[in-house]
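Residues per chain, in single letters:
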Amino acid sequence: MPGPVAPQRAISGGFVPDEVLVTLDGDEDVAAAVAAQFGLELRSARGSALLGRTIARLGIPDGRPVAFVLAQLEGDGRLADRVPNHVFQLQQAAGVVNYAFERIALDAGSVSGENVSVAVIDTALDVAHPALAGRIESMFDALPDMAVKDRAHGTSISGLIAGDGPFRGMAPGVRLLHARAFEGGISSTNVLLAALDWAVEEGAQIVNMSFVGPENPLFSSACRNAMARGVVLVAAAGNNGPGAPFGYPAAYDGVIAVTATDVHDRVMKKANRGRYIDLSAPGVNVVAPIPGGMDVVTGTSFAAAIVSGAIANLIHAGKDAEPEVLSQLLRTTAVDLGDPGRDEDFGDGLLNAGAAMEKRVAD
């Protein structure tokens, strides 16, 4: 029998209203037994290499509030974690020659991410786009039961990192790993965990996460464990305005949080602010591939992609690719913007890929 029901606790951020996520040391049969005992439905269960446990998605068929169900599950010793299935959103702002190379001092004629593995967790993408055709090493669909409708955001993000031919990205030649985890601009913790697990198991050295959601303990653990394996995590700071709460996964310790600036190095008006911001990069009206062609895009999503591409160049050029080392290198070589020193608008300043490359090669 379960122990006494713990008090309900506050849940921040949007979440799937009729399900919860739990982790346990047992297998699917144990998850099914837990579900049956608490009047829940076992909707999925899989082993997570990053979490080191089975993660199960339990449906609530009778309308009980998520907080109430989490409280009921609190006393069950079979479970290690009990969390909401939080909702995450892509960070693309509305917007109608790619100046990014010039602003971050990256030589467009010599960029290369050859032999560097970069994973993009995003929407599906246009695999036939001339900038991406033949440049995708591996793909994973974390939403196999959902029809593909969105390809724009994923095409732009992957193109900014790995594009070549008619559109040159920041790091052509990378080993591009693409995980589809968003549809209609929305994903969930469970789906994102599956995508991140896949990316790390595929050998990703960098994972680009151009999305924002609330803090979630399971995704926090997965990110922390990915970084412990030497994976560099880059995330969009968020487009929800100066007064918005911190955006995750960008706000997790060790994740490189990127905000967006324009051609005049001014921060995007709708960008999140906060002490978690690490770097600034071009993300306002930058040219990027879209299905069927090119367009101008705006958002911290695209600034994050530019940083991911710049890091791929650094890994290609150097030896030590530890996340902490690379993050420190980028922050100490950034061009200070705004108030002197690190601030909540620009972080440590504008990415200076040229200076970072010089220092990396010199060291």
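Going by the structure above, here's the rest.
Below is a short write-up of the structure. No experiment lies behind these values; they were computed from the predicted model shown. Going along each chain's sequence as written, the residues are numbered from 1 onward. Confidence filtering applies because this is a predicted model: local features only for residues at pLDDT of at least 70, side-chain atom pairs given and counted only at 80 or more, and all residues used for totals across whole chains, interfaces and linings. Side-chain numbers here rest on the full set of heavy atoms in the structure, without hydrogens or water.

A helix here means a DSSP run of H or I that spans at least four residues, while a strand means a run of E at least two residues long, and both kinds are numbered starting from the N terminus. Within the protein, the secondary structure is distributed over nine helices and 15 strands. Projected onto its principal axes, the C-alpha positions of the protein cover 65 × 45 × 40 Å. Each residue gets one of three labels from its accessible area relative to the maximum for its type: buried under 20%, exposed over 50%, partly exposed in between, using a 1.4 Å probe on protein chains only. Taken across its 363 residues, the protein has 58% of its residues classed as buried. On the protein, roughly 14100 Å² of surface is accessible, and the fraction owed to carbon and sulfur atoms is 51%. In summary, the charge assignment counts Lys and Arg as positive and Asp and Glu as negative, without counting His or the chain termini. Where a charge lies is defined by one atom per residue type, namely NZ (Lys), CZ (Arg), CG (Asp) and CD (Glu). For the protein, the distance from the average position of its 27 positive side-chain charges to the average position of its 42 negative side-chain charges is 2 Å. Using a 1.4 Å probe, accessible areas were evaluated by the Shrake-Rupley method; residue-level cover was limited to the displayed protein chains.

So, on to the layout of surface pockets. Roughly 440 Å³ of internal volume is contained in the largest pocket. The wall of the largest pocket is formed by 22 residues, among which Arg57, Ala142, Leu143, Asn190 and Val191 lie closest to the centre. The set of elements that each furnish at least two residues to the lining of the largest pocket consists of strand 2 (41–48), strand 4 (79–90), strand 6 (136–141), strand 8 (186–188) and helix 5 (189–201). The method works on a 1 Å grid over the protein atoms by themselves. A cavity is a set of points holding a 1.4 Å probe that cannot get out, a pocket is an open set with protein on both sides within 12 Å along at least five of seven lines, and residues with an atom within 4 Å of a point line them. Grid points are joined across faces, edges and corners, and a volume is the space filled by probe spheres set on the points. Its volume calculated, the second largest pocket comes out at about 240 Å³. Along its surface, the second largest pocket is lined by 15 residues, and Val212, Gly213, Pro214, Pro245 and Phe246 are the ones closest to its centre.

A few words now on the packing of helix 7 (residues 300–317) against helix 8 (residues 323–333). In this analysis, axes come from line fits to C-alpha atoms, helices being fitted only over the stretch in contact, and the angle between any two N-to-C directions falls in the range 0 to 180 degrees. Running from amino to carboxyl end, helix 7 crosses helix 8 at an angle of 110 degrees, the nearest separation of the two axes being 11 Å. When the axis of helix 7 is compared with that of helix 8, the two are roughly perpendicular. In this structure, the crossing between helix 7 and helix 8 has a hand that is right-handed. Two secondary-structure elements touch here, helix 7 through Val307, Ile311, Leu314 and Ile315 and helix 8 through Leu326, Leu329 and Leu330. Basically, the charged four are Asp, Glu, Lys and Arg, the nonpolar ten are Ala, Val, Leu, Ile, Met, Phe, Trp, Tyr, Cys and Pro, and anything else, Gly included, counts as polar. Classifying every residue of the contact of helix 7 with helix 8 gives seven nonpolar, no polar and no charged. Under this scheme an angle from 65 to 115 degrees is roughly perpendicular, one under 35 degrees roughly parallel, and one over 145 degrees roughly antiparallel; angles in between are oblique. The hand of a helix crossing depends on one turn: near helix anticlockwise from the far one by less than a right angle means left-handed, and clockwise means right-handed. In what follows, a contact means two residues having at least one pair of non-hydrogen atoms within 4.5 Å.

What follows is about the side chain of Ser156. Along the polypeptide, Ser156 turns up in helix 4 (residues 152–162). The class for Ser156 is buried, based on a relative accessible area of 2%. When residues no more than four places from it in sequence are discounted, the contact partners of Ser156 are Ala288, Pro289, Ile290, Val297 and Phe302.

The next point concerns the packing of helix 4 against helix 7. Running from N to C, helix 4 and helix 7 cross one another at 30 degrees; their axes reach a closest spacing of 8 Å. Looking at the two axes, helix 4 sits roughly parallel to helix 7. As helix 4 packs across helix 7, the resulting crossing turns out to be right-handed. In contact with His153, Ser156, Ile157, Leu160 and Ile161 of helix 4, helix 7 contributes Ser301, Phe302, Ala305, Ser308 and Gly309.

Now for the pairing of strand 5 (residues 117–122). Of all six residues in strand 5, six are buried, a share of seventy percent or more. DSSP calls a pair of strands paired once it identifies at least 2 bridges connecting them. Two elements, strand 5 and strand 7 (residues 175–180), share six bridges in a ladder whose sense is parallel. Counterpart to Val120 in the pairing with strand 7 is His178. With four bridges joining them, strand 5 and strand 9 (residues 206–209) adopt parallel strand pairing.

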